Amino acid sequence: MNAYKYETHLHTSQASACAHSEGKEYIKPFFDAGYSGIFVTDHFFGGNTCIPRNADWETRIKQYCSGYKDALKAAEEFNKKNKLTGTDREFKVFFGIEQTFNGDDYLIYGLDKQWLLNHPEIETIRHAELFEIVEKANGLIIQAHPFRLRDYIKAIHLHPRDVHGVEIYNAGNKSSENDLAEIYAKQYDFPVTSGSDIHSIDFIPDAPGKLKIGGMSFDTPLKDVFDYAERIKFNRGQIIR
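This structure is a prediction, so every number in the text was calculated from the model and none was measured. (Residues numbered from 1 in each chain as written. Predicted model: local features only at pLDDT ≥ 70, side-chain atom pairs only at ≥ 80, totals over all residues. Heavy atoms only, no water.)

Undergrad: So what exactly am I meant to see when it comes to the sheet that holds strand β1 (residues 4-10) here?
TA: Strand pairing within a sheet occurs via backbone hydrogen bonds; the two strands may be parallel or antiparallel. Strand order in the open sheet formed by nine strands is β7-β6-β5-β4-β3-β2-β1-β8-β9, with mixed pairing between adjacent strands. The open sheet has two edge strands with one neighbour each: β7 (192-195) and β9 (238-240). Going across the sheet, the axis of each strand differs from the next one's by a mean of 30 degrees, ignoring polarity. In this sheet, strand β8 (residues 215-218) lies alongside β1 in antiparallel orientation, the contact comprising three bridges. (Pairing = 2+ DSSP bridges. Helix = DSSP H or I, 4+ residues; strand = E, 2+ residues; numbered from the N terminus. Axes fitted to C-alpha atoms, helices over the stretch in contact; angles between N-to-C directions.)

Here it is as structure tokens:
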């Protein structure tokens, strides 16, 4: 049985201030590493964004989505060049968001560029309202690396009423932080995910001398972001770590 692997947590330099690679640069390295697709989840405006805060809303959203847009275009060209379009080996690019509140980060799947353009209030809404919006859209909210504690993170905040699941493996975490996330998920019977939190193609998955990155593996290819959301909610996938 074939395994289809997807990176669920990825940043581009077009929108994330801490990233070093553009969206288009990720396609071939991930394909060569055996992945079937990626989710671009750049830091939104509550987090470490490089989007100018003094620009108008439309300009900010267009720039925010540019890393995803470039990755999608590069994947389409890659698939066409390698005659993968329409096959099970077609490399796919999906859109996501990483929003930050008080040091606690959430991966959001199911809201697209047009939704963001129409809803500038997303910049200031809090956990419960965001969860309600994503739930209504049949999307997915995952708390990313919930037990990460760094100099720039002043405290650990958990919101178990406002998430669908928990990222229990993150390649940027200490193993003890991932272990705590897994204990937390089991305590609340949450669906679980895995992701790299990759910021640069220098951190290539499974390359010699590199750490394993992570992601999710499925028996069949993902159709779209809502297919992913449904599979995670019903535990129809395997974490990679």
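Undergrad: Where do I start with helix α3 (residues 66-81) in this structure?
TA: In an α-helix, one full turn covers 3.6 residues, which means residues spaced three or four apart are oriented alike. Helix length check: α3, at 16 residues, gives a terminal C-alpha distance of 22 Å against a target of 22 Å (1.5 Å per residue), a fit within 8%. Three or more residues of α3 are buried, namely S66, G67, A71, A74, A75, F78 and N79. In the core, the buried residues of α3 are packed alongside α1 (27-32), β2 (35-43), α2 (57-64) and β3 (92-100). One or two steps after α3, the chain reaches K83, where phi turns positive at roughly 55 degrees. (Expected span 1.5 Å × (residues − 1). Buried < 20%, exposed > 50% of the residue type's maximum accessible area, 1.4 Å probe, protein only. Contact = heavy atoms within 4.5 Å.)

Undergrad: Which parts of the structure should I look at to understand the pattern of salt bridges?
TA: Side-chain pairs of opposite charge can arise where the charged atoms are in close proximity. Overall, the coordinates contain 10 salt bridges when judged by the stated rule. One salt bridge in this structure joins E123 and R60, with 2.9 Å as the shortest N-O distance. Of this pair, E123 sits in the loop between α4 (113-118) and α5 (127-136) while R60 sits in helix α2, placing them 63 residues apart in sequence. Here E123 falls in the partly exposed class, since its relative accessible area comes to 28%. A relative accessible area of 6% places R60 in the buried class. We note a salt bridge from R241 to E182, for which the minimum N-O separation is 3.0 Å. Pair noted here: R241 is in the segment after β9 and E182 is in helix α6 (residues 175-188), with a separation of 59 residues, a long-range link. Connected through salt bridges with shared partners, the residues E182, K186 and R241 form a single ionic network. (Salt bridge = Lys/Arg side-chain N within 4 Å of Asp/Glu carboxyl O.)

Undergrad: Any chance you could explain the pairing of β2 here in plain terms?
TA: Walk down a regular strand and you will see the side chains alternate between the two sheet faces. For β2, the tally of buried residues reaches nine of nine residues, placing the bulk of the element in the interior. As defined by bridge partners, β1 adjoins β2 across four bridges and the pair is classed as parallel. Note that in β2 the partner of E7 across the bridge is I38. Handedness of the β1-α1-β2 crossover: right-handed. Bridge analysis of β2 against β3 gives seven bridges, and the strand direction is parallel. The residue bridging I38 from the neighbouring strand is V93, located in β3. (Right-handed = clockwise from strand over helix to strand, strands pointing away.)

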